[in-house]
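# Breakdown of the fold
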Amino acid sequence: MSLLAVREVTKRFGGLTAVDAVSFDTHEGQIKAIIGPNGAGKTTLFNVLTGFERPEDGTVTFDGREVVGMRPHRVVRAGVARTFQNTQLFDEMSALENALVGRFPRTRTGMFSASLRLPGTAKEERLAQEEAAKTLRLVGLGDASSVPAGDLPHGRRRLLEIARALATEPRLMLLDEPAAGLNSSETEALAEVLYRIRAEGITLLVVEHDMGLVMEVSDDIVVLNEGKKIAEGPPRLIQKDPAVIEAYLGEEEADA
Amino acid sequence: MGARPGRAQRSRLVLIAAIVIALAALPFVYSDAYLLKVLSFVGINVIIVAGLSLLFGYAGQVSLGHAAFYGIGAYTSGVLAVRFGWPWIACVAAAVVVSAIGGLILAVPTLRLKGHYLAMATLAFGQIAYVAFVEAKGITGGIDGLSGIPSPSLGPLELRSAESNYLLVWFFVGVALLLAGNIVALRPGRALRALHASEAGAQACGIDVVRTKVQVFVVSASLAGLAGSLFAHLVGFISPSSFTLVLSIELVAMVVLGGMGSLAGAALGAVVLTLIPNLDAVVPGMSPRAVELLQDWNADIFGVILIVVMLFMPGGLAAGAGRLAGWVRRRRPAPSEAEA
Amino acid sequence: MALALMLTLAMVGCQQGGEETTDLKPTEEPIKIGAVVSLTGPYAGLGGPEKNVIDMEVAKINAEGGINGRPIEVLIEDDGTDEKKAQAATAKLIDKEKVVALIGATGTGQTMAMRGDVDKAGIPQVSMAGGTVITQQFDKLVFQTPWSNTIVVPYTLKYLQGKGYKKVALIADDGGFGKDGIAVLKANLAKYGMTAVAEESFKPEDTDMTAQMTKIKNAKPDVIIMWTAGANSAVVLKNAEQLKIDIPIVGSHGNARMELVKGAGAAAEGFRFPAGKILLPDEYGTDSEEYKVAKSFVDEYTKKYGEAPSTFAGHAYDALYIIVDALKKLPADFTSAQLRDEIEKTKDFIGIGGTFNYSPTDHNGLKESDLVMYEVKGGKWVIAK
Amino acid sequence: MGVDAEVTGSELLQFIIAGLKNGSIYALVALGFTIVYASTKAINFAQGEFYMFGGMFAVFFLSGLGMPLALAALVSVITVTAVGLGFDRVAIRPRRDAGPLTLIIITIGGSMVFQSFARHAFGPDERPLPVFTAGPSIDFFGAAIERQTLWIWALTAVAVVALTILYTRTKLGRAMRACMENREAARLMGIDTNRVVTISFGLAAGLGALGGLVVTPLTQTAFNVGPSMGVKGFAAAILGGLGNPLAAVAGGITLGLLESLSIGFLSSTYKDVIALAVLLAVLVLRPEGLFSRASREKM
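Residues numbered from 1 in each chain as written. Chains lettered and ligands numbered in written order. Predicted model: local features only at pLDDT ≥ 70, side-chain atom pairs only at ≥ 80, totals over all residues. Heavy atoms only, no water.

### With respect to the overall build of chain A
- Along chain A, the regular secondary structure elements total ten helices and ten strands.
- Computed over its C-alpha atoms, the radius of gyration of chain A comes to 19 Å, within 12% of the 18 Å expected for a compact globule of 256 residues.
- The principal-axis extent of the C-alpha atoms belonging to chain A is close to 60 × 40 × 35 Å.
- Counting over 256 residues, chain A shows a buried share of 55%.
- Of the contacts formed within chain A by residues at least 6 apart in sequence, a portion of 67% connects residues at least 24 apart.
- Carbon and sulfur atoms provide 48% of the accessible area of chain A, an area that totals close to 11,000 Å².
- With 30 positive and 39 negative side-chain charges, chain A shows a spacing of 9 Å between the two charge centroids. (Helix = DSSP H or I, 4+ residues; strand = E, 2+ residues; numbered from the N terminus. Rg over C-alpha atoms; globule rule 2.2 N^0.38 Å. Buried < 20%, exposed > 50% of the residue type's maximum accessible area, 1.4 Å probe, protein only. Contact = heavy atoms within 4.5 Å. Areas by Shrake-Rupley, 256 points an atom, 1.4 Å probe, with all protein chains shown as cover. Lys, Arg positive; Asp, Glu negative; His and termini not counted. Charge placed at Lys NZ, Arg CZ, Asp CG, Glu CD.)

The structure is reproduced here in structure tokens:
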């Protein structure tokens, strides 16, 4: 059974169709990549899958529940976490605090109980701290827990955002270009982290431009172009797919 | 909170304890009605600013209408006491509830607004509330104000003296700061800061942005309402001119001057800016001429302090004090700064 | 904590030291009176002359031997036209300076705000603000010196009735003065056979009233009554001129300021307003006692400060001398209750605003006969016919 | 009052004239807000004081120093522009990159100091200024237009045209517009953004001063007239849509008309409430302002 089922999702902005009747499935324990040239609609698709955008058409089912119409925080609580292409960290908060915010859906202390420090809040806080620290260690940021997120170098910011998403205890994680701006050793470390996450039993859906990384880590690839799905399959087949090659060649020509 | 909670936290607790004891002991060792009255006004502003700090300093939602919530609290309390003879504690509770409702009424339609647009919307709300205070003469007493508001009382115990009112106000200051302090130290406080830094990031962490914004607005408004109630019973007379835009602007200035995202800073900002016009209350032995000059140049001093702090203390008084403390600590040979 | 305690103790020490040094002449310890005046904020223009008068007259009283040999000292505090500051100042004057009586405040709101502390301390307060509420919400400790609207409005309406006007248009600011005036006007119009055909208001800080005046023009009243005190009075007159409204306009005692005549220029010609006789002391008759008091006050003030005193200056003069006259009648060991009683017994006190007669039911003390109707002619005040 | 007579055409015209007159002043102040906002993203709380200074300095140069009216007016606008430039130099430039909040608090401080300065220097009473052209008001289809109102319209129009030329025809104006769109990008393009901020403070001060100057003959001026006009100008700028000069002008005119028509058809007591309620409705329904096409902030 698929964990995430995307069916005929269409999202338009004015006259532009950013995502055009896209369907695919993601299975439990997979690392699935979404690739495509710039403007193919990958980020928009992510926004639809996580409740940030509402599609005009189509359904998104996660673990048997309809995601379309859920607001983003509900989607996270249902078990889908995400990162952003432009990292959305809380810069003035420490790395640990960022990860602690990630614990939000798995903790309960509200304004009222916090203000009075009702019984249970201290215990919950302590556990949350431990969990948050654990996710930091998992991505290799155990040494940076007290550093403000704004002071971290770019590569570590990407890792911190992953840690924060991990802290929400997701079953599915959506990573939007996690390797963008990373150097090769950082990218290798990232691949390592992705395997570790999968080892935790978490399914991954990754938008990525770094083909080396995509081919290395993903079990399955969806290719988008101009909002449409043009191919889907394992890496070795995708590499040879004429439609994919065509789409990428087009982009290179445009860039040149 | 740093990596070494032990020592830093201990010294902070000692500092807080010292402040609490000094404030509580003050009226017993030195009873000066003027000083106590001024400090009561300071305390009232600290309570409002504690709430505004949550809303603005932490969650980044600006409000130029907080004088309205303060006024709603004051009028609720005053009207119920004067016209309906409610007991004091019931008036306080009603003031908190009614201003919380006011916060809800403002928060819901303005949820989508950010920055200067939110500032303008809250400003408009404040101005409309002011007109309501003036025009609802049958209830509020109109522009002439509402007089004869009784002193706080608990059963047969009536708190009329400056000392008892001072202690009452600062008791509530303590409560307000404790509640707000707990909020910011725990999960909801992190949600507020997250919201401020990145709404998308906060949503991606499962934070219900709408609900959190409404909640913090309500909490903030109810603290202002509490302060308003205390004010009404402390002074016995309220009129619309105590709840104007000028006050709202001053309150925002207190939060920024003290330090965004710092409760202690905001409180410090409130203390400093409230004391300026009545500096002679805390500085003993000022000559009448000096007092006269102080009053004449009050606005200039206020303005110059705002400018100078903003120019030379990025992050406000709290950050400035923190840097000063850090400098002092560094002057002493510290054993090991084991920080990453 | 020990540090905080030490600091507190040090403050106590300092304070006691400070108090001792102020008593330079223990044999003739001054009688302390407190004054709460708006020297900054919107009412700064009113409070300034009030302070001037107090400074001038206190020096004069002390030069003439003070009160039964004791000098007086008036401690002036600025309330910044702010009620909270007025209260802090009151607490300071009562508890720290131990004043025997309070003058002030300049504004009605500030006066009302002082009441709680005044009641607690049980000392008399003589306000320089004109709000009806001050003496209508009666407090046996609180007196006032300006004409309240309950005196000025009937006087004005009687005058207008004499002119045969029936339909009036009302325009007022929506601050304390204007709102109070409108309320008293509406309560009294019928008594003088008049009806209101229009009622308009504006905010004290508004800069244009052509829309309001257009509506008034449309209502075709016999006379326009304008109840406001600030700079807007001139704007109303100018807007009326601009709209070619040739309906007579009558103002209030809040218009007895030369700034209005200067500000409105030609538009002020023919404008009438009621006020005390201080503007033209000759009205008293040059051989009367009232004339002498007013004339010497005007002359001294003009000599010292280079401009004629405003009516607000007169309110401060009256407040000060009402207290001083009461003090003169009391023994050296008087109590505040005695002082209050003595102020209430004030009879035929010839002041600047008129002749004061306080009673247990009347803490305003003035009568309609203390007023005259003025008219602006050739940029000057003359008695209106 | 229940005695409202029919509103005739000439009265309606009179309300519109009043609205356009006040609206022009609001527009000049709103322009100041929007120009500073465009370059700093901050609201200049001292804008109302520039307005106050415009009238106050003119009074001082005229009655205090005996200059002829035209010269006094000109020197006043120049002086206030210099004050704006000086304020930027002393208090804004050192913390220009600290973010809008810091700048806002600095301008609040500036507004207090300016206001207090005016009280100390010029006294607490209101001060008059003569009209630019004496004479009775002009009849216009049964409505009256005061001569000074023509001056207000003329000078507002000149200011708007000059500003449009500056923005569209000069290199400086293009730099300012680039800053408005995206300050970082403008800096990368080699535009001296510091200079743009300085100039915007000077322009804002000059425009505010012009507003205060032309209206003082009608209203007189005093040390404390700034804040309430500041609020009106801010409201007008928001109503139109922040950051767009033409929208600010449209916002100012709209606000002026809204007020005078509220008085004319509804109630003078609630005219501000009505204007503010409309403003709130606009904010809630169209947060980007009535006349601005600027896209809403993206996620």
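### Quick notes on the pattern of salt bridges
- Going through the model one piece at a time under the given rule, you end up with 51 salt bridges over all chains.
- Residue Lys 51 of chain C pairs with Glu 292 of chain B through a salt bridge whose shortest N-O separation is 3.8 Å. Linking Lys 51 of chain C in helix α2 (residues 44-63) with Glu 292 of chain B in helix α14 (residues 288-296), this pair reaches from one chain into another.
- Lys 271 of chain D is the salt-bridge partner of Asp 272 of chain D, the closest N and O atoms lying 3.6 Å from each other. (Salt bridge = Lys/Arg side-chain N within 4 Å of Asp/Glu carboxyl O.)

### Re the domain arrangement of chain A
Residues and elements named next belong to chain A.
- For chain A, the assigned domains read domain 1 (1-79 + 170-256) and domain 2 (94-168).
- Computed over C-alpha atoms only, the centres of domain 1 and domain 2 are separated by 26 Å.
- The interface is formed by 19 residues belonging to domain 1 together with 15 residues belonging to domain 2.
- Summed over both partners, the interface of domain 1 with domain 2 comes to about 1,300 Å²; 68% of that surface belongs to carbon and sulfur atoms.
- Counting across the domain 1 and domain 2 interface gives zero salt bridges.
- If you look at where domain 1 meets domain 2, you find four residue pairs in polar contact (both at pLDDT 80 or more).
- Listed by contribution, the elements that provide at least two residues to the side of domain 1 that touches domain 2 are α2 (72-78), β7 (172-176) and α7 (184-199).
- Top contributing element to the side of domain 1 that touches domain 2 by residue count: α7, with five residues.
- Residue composition of the side of domain 1 that touches domain 2, by class: eleven nonpolar, two polar and six charged. (Domains from an automatic or database assignment. Buried area = accessible area lost by both parts, 1.4 Å probe. Polar contact = N/O pair within 3.5 Å; in protein donor to acceptor, adjacent residues only side chain to side chain. Nonpolar A, V, L, I, M, F, W, Y, C, P; charged D, E, K, R; others polar.)

### Re the pairing of strand β1 (residues 2-13) of chain A
All names here are of chain A.
- Pairing geometry for β1 and strand β2 (residues 16-27), over eight bridges, is antiparallel. Paired with Leu 4 across the strands is Thr 26, a residue of β2.
- The loop that links β1 with its antiparallel partner β2 comprises two residues; one of these, Gly 14, has a positive phi angle of about 60°.
- Examined bridge by bridge, β1 and strand β4 (residues 57-62) share five bridges and lie antiparallel to one another. Paired with Arg 7 across the bridge in β4 is Thr 59. (Pairing = 2+ DSSP bridges.)

### Remarks on the environment of Arg 95 of chain D
- On the secondary structure map, Arg 95 of chain D appears in the loop between α3 (69-92) and α4 (100-122).
- Sequence separation of Arg 95 of chain D and Gly 84 of chain D is eleven residues, and the distance between their C-alpha atoms is 16 Å.
- Residues in contact with Arg 95 of chain D, not counting those within four places in the same chain, are Met 310, Leu 311 and Pro 314 of chain B together with Thr 102, Leu 103 and Ile 106 of chain D.

### Overview of the environment of Ala 81 of chain B
Residues and elements named next belong to chain B.
- When you line up the elements, Ala 81 lands in helix α3 (residues 66-84).
- Sequence separation between Ala 81 and Pro 152 is 71 residues; the distance between their C-alpha atoms is 10.0 Å.
- Beyond its immediate stretch of four places on either side in the chain, Ala 81 contacts Trp 86, Cys 91, Pro 150 and His 233.

### Description of the interface of chain D and chain B
- Between chain D and chain B, the residue contacts involve 43 residues of the former and 36 residues of the latter.
- Seen at the junction of chain D and chain B, the total is one salt bridge.
- Of the charged contacts in the structure, one is a salt bridge between Arg 119 of chain D and Asp 296 of chain B, with a shortest N-O distance of 3.1 Å.
- Breaking the side of chain D that touches chain B down by element, the ones donating at least two residues are α3, α4, α9 (226-240) and α11 (271-285) of chain D.
- A total of 14 residues in the side of chain D that touches chain B trace back to one element, the largest contributor, which is α4 of chain D.

### Overview of the packing of α3 of chain B against helix α4 (residues 88-107) of chain B
Residue and element names in this part refer to chain B.
- It is the contact of α3 with α4, at a shortest axis distance of 8 Å, that shows an interaxial angle of 140°. Crossing geometry of α3 relative to α4 is assigned as right-handed. Taken together, the residues of α4 that come into contact with α3 (itself represented by Phe 69, Ile 72, Gly 73, Thr 76, Ser 77, Leu 80 and Ala 81) are Cys 91, Val 92, Ala 94, Ala 95, Val 98, Ser 99, Gly 102, Gly 103 and Leu 106. (Axes fitted to C-alpha atoms, helices over the stretch in contact; angles between N-to-C directions. Left-handed = near helix turned anticlockwise from the far one by under 90°.)

### Examining the packing of aromatic side chains
- A full pass over the atoms with the stated rule returns 38 aromatic pairs over all chains.
- On the basis of an interplanar angle of 45° and a centroid distance of 6.0 Å, the ring pair of Phe 349 of chain C and Phe 356 of chain C is categorised as tilted. As far as the burial class goes, Phe 349 of chain C and Phe 356 of chain C line up, both buried.
- Chaining the aromatic ring pairs together yields one cluster made of Phe 50, Phe 53, Phe 57, Phe 60, Phe 61, Phe 87, Phe 114, Phe 117, Phe 122 and Phe 201 of chain D.
- When the ring centre of Phe 90 of chain A is taken as reference, the NZ or CZ atom of Arg 164 of chain A above it lies at 4.6 Å.
- Above the face of the Phe 104 of chain A ring, Arg 187 of chain B is positioned so that its terminal group lies 3.7 Å from the ring centre. (Phe/Tyr/Trp six-rings, centres within 6.5 Å; stacked < 30°, edge-to-face > 60°. Lys NZ or Arg CZ within 6 Å of the ring centre and 35° of its normal.)

### A closer look at a positive patch on the surface
- Taken together, the side chains of Arg 65, Arg 74 and Arg 77 of chain A together with Arg 211 of chain B define a basic patch exposed on the protein surface.
- Examined against the element boundaries, Arg 65 of chain A turns out to sit in strand β5 (residues 65-66).
- Taking relative accessible area as the criterion, Arg 65 of chain A reaches 47% and is therefore assigned partly exposed. (Patch = residues over 30% accessible without salt bridge, like charges linked within 9 Å, V, L, I, M, F, W, Y side chains within 5 Å.)

### What about the sheet that holds strand β8 (residues 203-207) of chain A?
Residue and element names in this part refer to chain A.
- Strand order in the open sheet formed by six strands is β6-β7-β8-β3-β9-β10, with mixed pairing between adjacent strands. Every interior strand has two partners, whereas the edge strands, β6 (80-82) and β10 (228-233), have only one. Neighbouring strand axes in the sheet, compared pairwise and without regard to direction, differ in orientation by 20° on average.
- Relative to β7, β6 runs parallel, the two being bridged by three bridges. Residue pairing in the sheet places Val 80 in a bridge with Leu 172 of β7.

### Thoughts on a nonpolar patch on the surface
Residues and elements named next belong to chain A.
- Taken together, Phe 112, Leu 116 and Leu 118 make up a surface patch of nonpolar side chains, about 300 Å² in accessible area.
- By secondary structure assignment, the location of Leu 116 is in helix α4 (residues 111-116).
- Residue Leu 116 is classed as partly exposed on the basis of its relative accessible area, which comes to 44%.

### Observations regarding unusual backbone geometry
All names here are of chain C.
- Cis geometry marks the peptide bond from Gly 104 to Ala 105; its omega dihedral reads 5°.
- Within the secondary structure layout, Ala 105 lies in the loop between β3 (101-104) and α4 (108-121).
- One non-glycine residue with positive phi stands out, namely Lys 98, at about 55°.
- Here Lys 98 lies in the loop between α3 (83-96) and β3.
- On the basis of relative accessibility, which here comes to 58%, the residue Lys 98 falls in the exposed class.
- Backbone geometry places Asp 348, a non-glycine residue, at a positive phi of 50°.
- Along the chain, Asp 348 turns up in the loop between α13 (336-344) and β11 (349-350).

### Overview of the sheet that holds strand β2 (residues 72-78) of chain C
Residues and elements named next belong to chain C.
- Read from one edge of the open sheet, five strands run β2-β1-β3-β4-β5, paired in parallel fashion. Of all the strands in the sheet, the pair left with one neighbour each is β2 and β5 (142-144). Shown here is a sheet whose adjacent strand axes are inclined to one another by a mean of 20°, direction ignored.
- Note that strand β4 (residues 125-127) and β5 share three bridges and pair parallel. Counterpart to Gln 125 in the pairing with β5 is Val 142.

### Re the pairing of β3 of chain C
Residues and elements named next belong to chain C.
- Taken together, the four bridges between strand β1 (residues 31-37) and β3 define a ladder with parallel strand orientation. Note on β3: the bridge partner recorded for Ile 33 is Ala 101.
- Strand direction decides the pairing type here: β3 and β4, joined by two bridges, are parallel. The partner of Leu 102 across the bridge, within β4, is Gln 125.
- At this point the chain moves from β3, through α4, to the parallel β4, and the crossover so formed is right-handed. (Right-handed = clockwise from strand over helix to strand, strands pointing away.)

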